[in-house]
Amino acid sequence: MKKIRRLLNMEKIFIAQDLKRIMEYKNDFLIGIVSVIIVQATNLMFLNIIFSNIPTLGGWSFQQILFIYGFSLIPKGIDHLFFDNLWALGYFIIRKGEFDKYLTRPLSPLFQILVEKFQLDALGELFIGLVFIVASKNFVKVEWNFFNLCIIVLSVIFSTLIYTSIKIATSALAFWIKRSGNITFMFYMLNDFAKYPTTIYNGVIRAVITYIVPFAFTAYYPASYFLTGENIIFNIGGLFLISSIFLASSIFIWQKGLIVYESAGS
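These numbers come from a predicted model, not from an experiment.

Mind laying out the nonpolar core, listing which residues take part and the relevant values?
Among soluble globular proteins, nonpolar side chains are generally buried collectively. Ranked by size, the top nonpolar core spans 46 residues in total, and within it F67, F71, F226 and L227 carry the most contacts. For this core, the elements supplying multiple residues, two or more each, are α3 (62-83), α7 (123-136), α8 (146-172), α12 (220-228) and α13 (232-260). Take this core: its biggest share by element is 10 residues, from α3. The residues contacting F226, other than those within four sequence positions of it, are F67, F71, K141, V142, E143, N148, I151, I152, S155 and I236. Grouped together as the second largest cluster of nonpolar side chains are 18 residues, I94, I113, V115 and A174 included.

In C-alpha cells, the structure reads:
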C-alpha cells in the first residue's frame, strides 16, 4: 500500500508540474493542439479528393476509412498524452547522464519515465479521432451494443500498449548505444500506414505492419471487426496476443538494459 501511495503521489506531482508548465506557456500549448487539428484536417481533405474520383479504396468506402482513421488516432493520442517522455529517454536523458536521478528514487525507473511528462497537445489527436468516428457512425454498420463497447474499450487499451511497447523497447536501446531516438522515430513513423486498410498495400508492407511492427493491429484490424463483425479471433484476439507479446518483450529489453546501464555525460 505504501508503494502504491508513493506512485500516486509521484504521479500527482508530475501532473501538477505539467499543468504549471502549460499555464506558463499557454500559447505553445494552444499552437500544439491547433497544429495537430490542422494536420489531420489536411489528411481528411486529401482523402476527400481521392474519393471524389473513385467510389471505394481497396474495397472500403470513404465513411469506413474515416472510421478506421479516427479509430487509429485514439490509441496514438493516448500514448502521446501519457507516455511521450520515452522520446526524451532515447534522445538525451541517458546520453547526458540524466537517468541517474531515476535510480535514486524508491520507484520503478520505467514508471517515473512514463508518467513524468504529459503532452496535453495530444488532446487534439483524441478530439479529431472522436470527431471522425462520430461523423462516420451514421454511414457505417457498427453494432453499438454492450459487448462491442467493451471490446472497443479493450481494443483501445491494447492498441495503446503496442505504441508504448515499441517506444519502450526502442528507447531502451539507448542503454547500450546512448542515443536511440532516431531508431524510435524510424519504427514509430510506420504508424502512418495504420490509418488506412492494409488491403491497399502490397504483401511486403502488409506483412511488416501486421507481424513485425504491428501498427495494423492498432487500427485497421480491430476497426474492420467493428465495421464487418467478422473474424473476431484474428482481428481482436490477434490484437490482444500481439500487444501482450510486445509489452512483455519491451519490459524484458528494458530490464536487460538496466543491467548494462552505465552513467554517461557530455
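Here the narrative resumes, following the displayed structure.
Describe in detail α12, supporting the description with residues and values.
For α12, the tally of buried residues reaches 8 of 9 residues, placing the bulk of the element in the interior. Residues Y220, Y221, P222, A223, S224, Y225, F226 and L227 constitute the buried set of α12. Remark: G229 follows α12 within two positions and exhibits a positive phi of approximately 70°.

Any chance you could break down unusual backbone geometry for me, citing the residues and the numbers?
In the Ramachandran plot, K178 falls in the positive-phi region, its phi being about 75° despite a non-glycine side chain. One non-glycine residue, N231, lies in positive phi territory at about 55°. Relative to the assigned elements, N231 resides in the loop between α12 and α13. Residue classification places N231 among the partly exposed residues on the basis of a relative accessible area of 49%.

Requested: an account of a nonpolar patch on the surface, with residues and values cited.
Side chains of W176, I177, I259 and V260 sit close together on the surface and give an oily, nonpolar patch of about 410 Å² of accessible area. Mapped by element, the contributors of at least two residues to the nonpolar patch are α9 (174-177) and α13. Assignment of secondary structure puts V260 in helix α13. Owing to a relative accessible area of 38%, V260 belongs among the partly exposed residues under this scheme.

Which residues make up the side chain of S165, and what values go with them?
Structurally, S165 is set in helix α8. Within the structure, the side chain of S165 is placed 2.6 Å from the backbone oxygen of L161, a separation counted as a polar contact.

Which residues make up the packing of aromatic side chains, and what are the values?
All told, the structure shown has 25 aromatic pairs when counted by the stated rule. For the pair F175 and Y261, a centre-to-centre distance of 5.9 Å together with 80° between the ring planes defines the contact as edge-to-face. With F175 in helix α9 and Y261 in the segment after α13, this pair connects stretches of sequence that are 86 residues apart. As far as the burial class goes, F175 and Y261 line up, both buried. Pairing F217 with F234 gives two aromatic rings, centres 5.4 Å apart and planes at 55°, and the pair type is tilted. With F217 in the loop between α11 (203-212) and α12 and F234 in helix α13, the pair connects residues that are 17 residues apart, well separated along the chain. With a relative accessible area of 1%, F217 lands in the buried category.

Describe the side chain of S243, listing the residues and the values that go with them.
Tracing the backbone through its elements, the reader meets S243 in helix α13. Given a relative accessible area of 0%, S243 falls into the buried group. For S243, the residues in contact, after removing those within four places along its chain, are F158, L161, I162 and S165.

The rules behind the values
Residues numbered from 1 in each chain as written. Predicted model: local features only at pLDDT ≥ 70, side-chain atom pairs only at ≥ 80, totals over all residues. Heavy atoms only, no water. Core = buried A, V, L, I, M, F, W, Y, C linked by side-chain atoms within 4.5 Å. Buried < 20%, exposed > 50% of the residue type's maximum accessible area, 1.4 Å probe, protein only. Helix = DSSP H or I, 4+ residues; strand = E, 2+ residues; numbered from the N terminus. Contact = heavy atoms within 4.5 Å. Patch = residues over 30% accessible without salt bridge, like charges linked within 9 Å, V, L, I, M, F, W, Y side chains within 5 Å. Areas by Shrake-Rupley, 256 points an atom, 1.4 Å probe, with all protein chains shown as cover. Salt bridge = Lys/Arg side-chain N within 4 Å of Asp/Glu carboxyl O. Polar contact = N/O pair within 3.5 Å; in protein donor to acceptor, adjacent residues only side chain to side chain. Phe/Tyr/Trp six-rings, centres within 6.5 Å; stacked < 30°, edge-to-face > 60°.

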